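Close look at the chain arrangement
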Amino acid sequence: MRGIPMMTEAVLPASSGGGWSRLYQGKTIPVLTVLLFLCAIWYAGAVYLNSSVLISGYERNNVEWDAGRLVSDAWAMERPILPAPHQIAEEINKTVFQKKITSKRSLVYHAWVTTSATLLGFAFGALLGIMLAVGIVHVQTLDRSLMPWVIASQTIPILAIAPMIIVVLGNMGLTGTIPKSIISMYLCFFPITIGMVKGLRSPDVLQLDLMRTYSASTAQVFWKLRVPASVPFLFASLKVAIAISLVGAIVGELPTGAVAGIGARLLAGSYYGQTIQIWSALIVASVLGMLLVFLVSVIERLVMKKMGYGT
Amino acid sequence: MHRAVGSDDGTGVVTAPAKPVIEIEKLNLVFQTPDAPVHALSDVDLTVNAGDFVSFIGPSGCGKTTLMRVIADLETPTGGHISVNGMTPREAREQRAYGYVFQAPALYPWRTVRKNVMLPLEIMGLDKAEQERRARDNLALVNLEGFEKKFPWQLSGGMQQRVSIARALSVEPDLLLMDEPFGALDEITRDHLNEQLLRLWDQTGKTVIFVTHSIPESVFLSSKIVVMSPRPGKIMDVIDCDLPRDRKLDIRETPEFLAIAHRVREGLRAGHSYDD
Ligand SMILES: Nc1ncnc2c1ncn2[C@@H]1O[C@H](COP(=O)(O)OP(=O)(O)OP(=O)(O)O)[C@@H](O)[C@H]1O
Ligand SMILES: [Mg+2]
């Protein structure tokens, strides 16, 4: 899914700008051009993919048809193979703006259900990730004993383990947001651990020697050197982690047969062949992901500015 | 041979027998590197007394920084004996016996100039008012008033180095270890800081160990000049520099000054001779 291009950008600690400043740096026109180009391909693709269904329908019902009719029908089907962009836009308009946000049919409501699990999972993941990193950096045996497990945890496909987590937690009486955020946490602590370990180890020999000449305690070295030095690394990994966290929350909604949330919409959509609903849920999910990453980068920029990391 | 670097420099200031601050005997340090062991220090003997201003001078790679790091307990010798204030270097470091100015500024980029100077004071647990007083005074000493709120990247290399000097001075140590502290400065600033340092040394009676590549600087500042030579790093000569303690910059044109400078140059040449 989406999230991959954001990862490459977010991995660089020094990546500055973005968001609004990008608009002002004359990138609007190229971005719009690409968007238009994609839309054109999309419309063409919709005709191409939907035509065979339509043509067999025409032939069955002996309907006279020409290219013009085929195109307009291909862009207006109820259950198209690939819906046209304006159909998705209409659906999003209907379910995001026209419905009360408390309504079960409002996408805002579903997005919020997923977001709350995402944020909770992200908070758990950040906490777990940072604690693991602190342990790994300070205790040599943990470095050797824990790191392989941390890496192994990420090789297990989440789709295999998610149902089990839900069943086990459900047995313990935990349902709803908590199991979803646990899956979210399971996915997102990893980049935070890796980033934080790197960040806590980033002070160079000279910076550490300086602390040694003051005969600073381990705690003082940690708080006055390692933690501030790790902040750029932490934010780089938080941006990756929050996007992954959202994926985790959505995946967590799939095996539960959840009735609310973006994942539930995706599931229901595919169950009833409501492709337009699936696509609008997907779009809303990516917008949500971008918003969350944007939020983290805003906080990052504020913190980095406060810490004097240039501009 | 044991080289004593005393400080009975004829001014009559020191009457009692000078107390040794640093005693080094037969000190050796071999770095184990992947290709070949590097003999950074070879049979170094040196005594530095309280109140001495000792300069190390010698070609690049002769072990000046390494010797300084051994004194500061940042490097462990592979042989010989060393004591600082009558203790092991480790004990001396744990008692915060010295202030160290590194060859590079080593400022923390997330701290303002003022906060960088306050770093050791925070670690020592001084109260806030005292931290601020010392930061202000020492930044003024290196002519950096008005730059307190700046971050290191907003300063030139020379200014950063001056911040690191202020940071070392703010600890108010009896022993100052300075590794090419004025290397990155322009001539005029360097002259000014030389005078300031000399005044500080004269008034406070600190012991200073100073690394430089400049012959005039070493003669102007020091009470003793230690000439070193490389491969393996060892002491070639120890030159007494008995100019008056309260010297002014224009002393650099006097015959006494030039005679000592000449001797230092000869010592450096001798160290180089088998090298080229
Ligand atoms: N950590 C280390 N590992 C291996 N070799 C080292 C290490 N530190 C220094 N050396 C070697 O020891 C020798 C002395 O180095 P040192 O830094 O003391 O020189 P220096 O006199 O301070 O030189 P400069 O004037 O360029 O600062 C050099 O040959 C250097 O390569
Ligand atoms: Mg050096």
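Just so it is clear, the structure is predicted and the values come from calculations on it, not from any experiment.

The rules behind the values
- Residues numbered from 1 in each chain as written.
- Chains lettered and ligands numbered in written order.
- Predicted model: local features only at pLDDT ≥ 70, side-chain atom pairs only at ≥ 80, totals over all residues.
- Heavy atoms only, no water.
- Helix = DSSP H or I, 4+ residues; strand = E, 2+ residues; numbered from the N terminus.
- Rg over C-alpha atoms; globule rule 2.2 N^0.38 Å.
- Buried < 20%, exposed > 50% of the residue type's maximum accessible area, 1.4 Å probe, protein only.
- Contact = heavy atoms within 4.5 Å.
- Areas by Shrake-Rupley, 256 points an atom, 1.4 Å probe, with all protein chains shown as cover.
- Lys, Arg positive; Asp, Glu negative; His and termini not counted.
- Charge placed at Lys NZ, Arg CZ, Asp CG, Glu CD.
- UniProt positions renumbered as here; feature names shortened; annotations may be inferred.
- Buried area = accessible area lost by both parts, 1.4 Å probe.
- Salt bridge = Lys/Arg side-chain N within 4 Å of Asp/Glu carboxyl O.
- Near = heavy atom within 4 Å.
- Polar contact = N/O pair within 3.5 Å; in protein donor to acceptor, adjacent residues only side chain to side chain.
- Nonpolar A, V, L, I, M, F, W, Y, C, P; charged D, E, K, R; others polar.
- Patch = residues over 30% accessible without salt bridge, like charges linked within 9 Å, V, L, I, M, F, W, Y side chains within 5 Å.
- Pairing = 2+ DSSP bridges.
- Core = buried A, V, L, I, M, F, W, Y, C linked by side-chain atoms within 4.5 Å.
- Domains from an automatic or database assignment.
- pLDDT = per-residue confidence, 0-100.
- Donors = N, O, S within 2.8 Å, 3.2 Å for Na, K, Ca; no water.
- Phe/Tyr/Trp six-rings, centres within 6.5 Å; stacked < 30°, edge-to-face > 60°.
- Lys NZ or Arg CZ within 6 Å of the ring centre and 35° of its normal.

This brings us to the overall build of chain B. Each helix and strand in chain B was counted, giving 8 helices and 10 strands. A compact globule built from 276 residues should have a C-alpha radius of gyration of about 19 Å, and chain B, at 19 Å, falls within 12% of that. Here chain B, with 276 residues, has 55% of them falling under the buried criterion. Looking at chain B alone, contacts between residues at least 24 apart form 70% of all its contacts between residues at least 6 apart. Here chain B has roughly 11900 Å² of accessible surface; of this, 51% comes from carbon and sulfur atoms. In chain B, 32 side chains carry a positive charge and 39 a negative one; their mean positions are 5 Å apart.

Once that is clear, we can look at the UniProt feature "domain: ABC transporter" (unreviewed entry) in chain B. If you check UniProt for "domain: ABC transporter" (unreviewed entry), the listed places come out as residues 24-257 of chain B in our numbering. For residues 24-257 of chain B, the helix share is 35%, the strand share is 25%, and the end-to-end C-alpha distance is 28 Å.

Take the interface of chain B and chain A next. Counting residues at the interface gives 24 residues for chain B, matched by 20 residues for chain A. Summed over both partners, the interface of chain B with chain A comes to about 2100 Å²; 62% of that surface belongs to carbon and sulfur atoms. The three residues of chain B that bury the most area against chain A are Y108, W110 and I123 of chain B, which together make up 33% of that side's buried surface. At the boundary of chain B and chain A, one finds 3 salt bridges.

The next point concerns the site of ligand 1. Residue and element names in this part refer to chain B. Around ligand 1 sit 14 residues in total, of which S60, G61, K64, T65 and T66 are the nearest. Here S60 contributes a side-chain N or O atom positioned 2.4 Å from an oxygen atom of ligand 1. Taking C62, its main chain carries an N or O atom lying 3.2 Å from an oxygen atom of ligand 1. For ligand 1, whose free accessible area comes to 640 Å², the fraction covered by protein is 64%. For the shell around ligand 1, the secondary structure elements donating two or more residues are strand 3 (38-49) and helix 1 (64-71). No other element matches the 3 residues that helix 1 contributes to the shell around ligand 1. For the shell around ligand 1, the class distribution of residues is 4 nonpolar, 8 polar and 2 charged.

Residues and elements named next belong to chain B. The omega torsion of the bond from R231 to P232 falls at -10°, within 30 degrees of zero and hence cis. When you line up the elements, P232 lands in the loop between strand 9 (224-229) and strand 10 (234-240). Although it is not a glycine, N85 adopts a positive phi angle of roughly 55°. Tracing the sequence through the fold places N85 in the loop between strand 5 (79-84) and helix 2 (89-94). Backbone geometry at R96 places phi at a positive 55°, although glycine is not the residue there. With relative accessibility at 28%, the residue R96 sits in the partly exposed group.

Residues and elements named next belong to chain A. Taken together, the side chains of Y48, L49, V53 and I81 present a nonpolar region at the surface, about 420 Å² in accessible area. Counting through the fold element by element, L49 comes out in helix 2 (residues 20-60). By relative accessible area, which is 39% here, L49 ends up partly exposed.

As a further point, take the pairing of strand 10 of chain B. Alignment of strand 9 of chain B against strand 10 of chain B, held across 6 bridges, turns out to be antiparallel. Residue K224 of chain B lies in a different strand from strand 10 of chain B, and its bridge partner there is D240 of chain B.

Turning our attention to the nonpolar core. By size, the foremost hydrophobic cluster in this structure holds 84 residues, and its most contacted members are I24, F56, L177 and I209 of chain B. In terms of residue count, helix 10 (residues 218-253) of chain A provides more of this core than any other element does, 13 residues in total. By size, the runner-up hydrophobic cluster in this structure holds 45 residues, among which are M159, L198, L200 and I225 of chain B.

Residues and elements named next belong to chain B. If you trace the backbone, S214 turns up in the loop between strand 8 (207-212) and helix 7 (215-221). For S214 and V21, which are 193 residues apart along the polypeptide, the C-alpha to C-alpha distance reads 25 Å. For S214, the side chain forms a polar contact with the main-chain nitrogen of E217, separated by 3.1 Å.

With that settled, consider the domain arrangement of chain A. The domains assigned to chain A are domain 1 (1-82) and domain 2 (85-306). In this structure, domain 1 of chain A and domain 2 of chain A have C-alpha centres spaced 28 Å apart.

Residue and element names in this part refer to chain A. Mean pLDDT over chain A stands at 85; residues scoring 70 or higher make up 90%. Confidence, expressed as mean pLDDT per element, reaches its minimum in chain A at helix 1 (residues 4-11) with 40 and its maximum at helix 9 (residues 205-213) with 94. The low-confidence segment residues 1-16, where pLDDT is below 50, has 21 contacts with residues more than four positions distant or belonging to other chains.

Taken together, the protein ligands of the magnesium ion (ligand 2) are T65 of chain B (OG1) and Q103 of chain B (OE1), with distances of 1.8 to 2.4 Å. Here Q103 of chain B lies in the loop between strand 6 (98-101) and helix 3 (113-124) and T65 of chain B lies in helix 1, a separation of 38 residues in the sequence.

Relative to the helices and strands, R265 of chain A resides in helix 11 (residues 262-271). Beyond its immediate sequence surroundings of up to four residues, R265 of chain A is in contact with E91, T95, R105, L107, H110, Q277 and A281 of chain A.

With that settled, consider the pairing of strand 6 of chain B. All names here are of chain B. By the alternation rule, side chains of strand 6 split into Y98 and Y100 and G99 and V101, which are all buried. Both strand 6 and strand 7 (residues 175-179) contribute to a ladder of 4 bridges, which runs parallel. Directly across from Y100, in strand 7, lies its bridge partner L177.

Attention now moves to the packing of aromatic side chains. Residues and elements named next belong to chain B. Scanning the entire structure with this criterion turns up 11 aromatic pairs over all chains. Ring geometry for F53 and W201: centres 5.6 Å apart, planes at 90°, overall edge-to-face. Of this pair, F53 sits in strand 4 (residues 53-57) while W201 sits in helix 6 (residues 187-204), placing them 148 residues apart in sequence. When sorted by exposure, F53 lands in the same class as W201, which is buried. Note on Y98 and Y100: the rings are 6.5 Å apart at their centroids and 70° apart in plane angle, and the pair reads as edge-to-face. In terms of burial, Y98 and Y100 fall into one category: buried. Following the ring pairs from residue to residue traces out a cluster consisting of F53, F182, W201 and F210. Lying over the aromatic face of W201, R245 brings its terminal NZ or CZ to 4.0 Å of the ring centre. Against the face of F220 rests R252, its NZ or CZ located 6.0 Å from the ring centre.

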